[in-house]
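Residue-level structure breakdown
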Amino acid sequence: MLERRMVHLGELATEQRNPRSAHIDTAGTAELLSIINKDDQGVGPAVEAAIGQIAPLLDHLTAQVRAGGRLFYIGAGTSGRLGVLDASECPPTFGVSPEMVQGIMAGGMEALYRATEATEDDPASGAADLETRGFRAGDVLVGIAASGRTPYVIGAVRAARAMGAVTAAVVCAEGSALGGEVDYPIAVPVGPEVVTGSTRMKAGTATKLVLNMISTGLMIRLGYTY
C-alpha cells in the first residue's frame, strides 16, 4: 500500500468554502434552490469518472460472494448511514439473505437517528465492531468516508487486511489516507459543499450513487435480476 501524508481536515476540498454559494443566505428562495441544484449537477460526472475504479472491485466482489463471502460496508456519520441504507435495501429488492450485504455504523443502530460521534475517532472501535459482526477472511469490506481519513473506518480496514480479506474504500477526496490502505480505492471528488463542510450533501449523493452501483451490479452479476 502507498504511504500517504495525513491530510489536515482543513486542507480537504470537501471542507473548503464554495464560492458558488457564498451569498446563499441572502438569496431568494428560488435562487437558493437553484444554487443547490446547479452544484448537485457536478456529482454525476464525478461518479462517471470513477467507473474505472468501481468495475475491478465489482468483478472481485462477485467472485468472493460466489465463493461464499459477504459484502460489508462500514462508516461513521452520514457515510455509515448510507452503508446501512444500501445494505438494508438488498433483501427486499433482490430477495437475498440479510447476511449477504451488511452495514456497520459507528455508534451502532442508535446512531442512525441520533448523532453519536464519540467512536468515529477510535480505530480500535472499528476493528472491534467488525469482529463482533463476525467478519471473516472470505468477506469484502468497503470502508466509506467522505474525508477519507476517519480513524474508525481505517481501524476496521486494517483489521480486515490483517485477516487477509479484500478491502475497498469509497471517498470523496483525492489522495486520501483511507484510499492508501485498501486494495480498491474509489475516489469521487465532488469539491466544496454548498454549506461548508456539510458532506451529507454532494459527497453523500455521490456515495449513495456508488453504493447503488456496487450492490446492484453485484446482484445483476449473481443473476438476481435480468
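The following paragraphs examine the structure supplied in this document. (Residues numbered from 1 in each chain as written. Predicted model: local features only at pLDDT ≥ 70, side-chain atom pairs only at ≥ 80, totals over all residues. Heavy atoms only, no water.)

With that settled, consider the pattern of salt bridges. According to the stated counting rule, one finds seven salt bridges in the structure shown. Among the salt bridges present, the one from Asp39 reaches Lys202, with a minimum N-O distance of 2.8 Å. Note that Asp39 is positioned in helix H1 (residues 29–40) and Lys202 in helix H7 (residues 202–221), a separation of 163 residues in sequence. Taken as a pair, Asp39 and Lys202 share a single burial class, namely buried. Among the ionic pairs, Glu181 bridges to Arg161, the shortest N-O distance being 2.7 Å. With a gap of 20 residues between them, Glu181 in the loop between strand S4 (166–171) and strand S5 (184–187) and Arg161 in helix H6 (residues 151–163) connect regions that are remote in the sequence. When its relative accessible area of 32% is taken as the criterion, Arg161 is described as partly exposed. Several salt bridges converge on common partners, so that one network encompasses Arg70, Glu99 and Asp139. (Salt bridge = Lys/Arg side-chain N within 4 Å of Asp/Glu carboxyl O. Helix = DSSP H or I, 4+ residues; strand = E, 2+ residues; numbered from the N terminus. Buried < 20%, exposed > 50% of the residue type's maximum accessible area, 1.4 Å probe, protein only.)

Right, let's get into the packing of aromatic side chains. Working definition: an aromatic ring pair is given by the centre-to-centre distance plus the angle between the planes. In this structure the tally under the stated criterion is one aromatic pair. Their ring planes at 75° and their centres at 5.2 Å tell us that Phe72 and Phe135 sit as a pair that is edge-to-face. Taken as a pair, Phe72 in strand S1 (residues 71–75) and Phe135 in the loop between helix H5 (123–132) and strand S3 (140–145) lie far apart in primary sequence, 63 residues in all. With a relative accessible area of 0%, Phe72 lands in the buried category. (Phe/Tyr/Trp six-rings, centres within 6.5 Å; stacked < 30°, edge-to-face > 60°.)

What follows deals with the environment of Val65. In this structure, Val65 sits in helix H3 (residues 51–66). Val65 gets classed as buried once you look at its relative accessible area, which sits at 9%. With 36 residues separating them in the primary sequence, Val65 and Val101 have C-alpha atoms 9.7 Å apart. If we skip the residues at most four places from it in the chain, Val65 touches Met100, Leu218 and Leu222. (Contact = heavy atoms within 4.5 Å.)

Let us look at the nonpolar core. Grouped together as the largest cluster of nonpolar side chains are 37 residues, with contacts concentrated most on Tyr73, Ile186, Val188 and Ile214. Counting residues per element, the ones that place at least two in this core are helix H2 (43–49), H3, S1, helix H4 (77–94), S3, S4, S5 and H7. Ranked by residues supplied to this core, first place goes to H7 with seven residues. Residues within four places of Val188 in sequence aside, it is in contact with Ala46, Val47, Ala50, Val171, Cys172, Ala206 and Val210. Core analysis: the second largest hydrophobic core is formed by 23 residues, Ala145, Ala156, Ala159 and Val182 among them. (Core = buried A, V, L, I, M, F, W, Y, C linked by side-chain atoms within 4.5 Å.)

Relative to the helices and strands, Ser79 is located in helix H4. Aside from chain neighbours lying at most four places away, what touches Ser79 is Ile144, Ala145 and Ala146.

Further remarks concern the pairing of strand S2 (residues 101–105). Taking burial as the measure, the five residues of S2 include five buried ones, the bulk of the element. Burial of the side chains of S2 extends over both faces: Val101, Gly103 and Met105 are buried on one face and Gln102 and Ile104 on the other. Two strands pair when backbone bridges link them, and S1 and S2 are joined in this way by five bridges, in the parallel orientation. Residue pairing across strands places Gly75 opposite Met105, the latter belonging to S2. Remark: the S1/H4/S2 crossover connection has right-handed handedness. (Pairing = 2+ DSSP bridges. Right-handed = clockwise from strand over helix to strand, strands pointing away.)

To continue, consider H5. What H5 keeps buried is the set Ser125, Gly126 and Leu130. What you see down the axis of H5 is that its buried residues fit within an arc of 135°, all on one side. Counted as exposed and oriented over 90 degrees from the buried face of H5: Glu131 and Thr132. Where H5 is buried, its residues contact S1, S2, S3 and H6. The N-terminus of H5 is capped by Asp122, whose side-chain oxygen sits 3.1 Å from the backbone nitrogen of Ala124. Within two residues after H5, Gly134 carries a phi angle of roughly 85°, on the positive side. (Arc of directions from axis to C-beta. Polar contact = N/O pair within 3.5 Å; in protein donor to acceptor, adjacent residues only side chain to side chain.)

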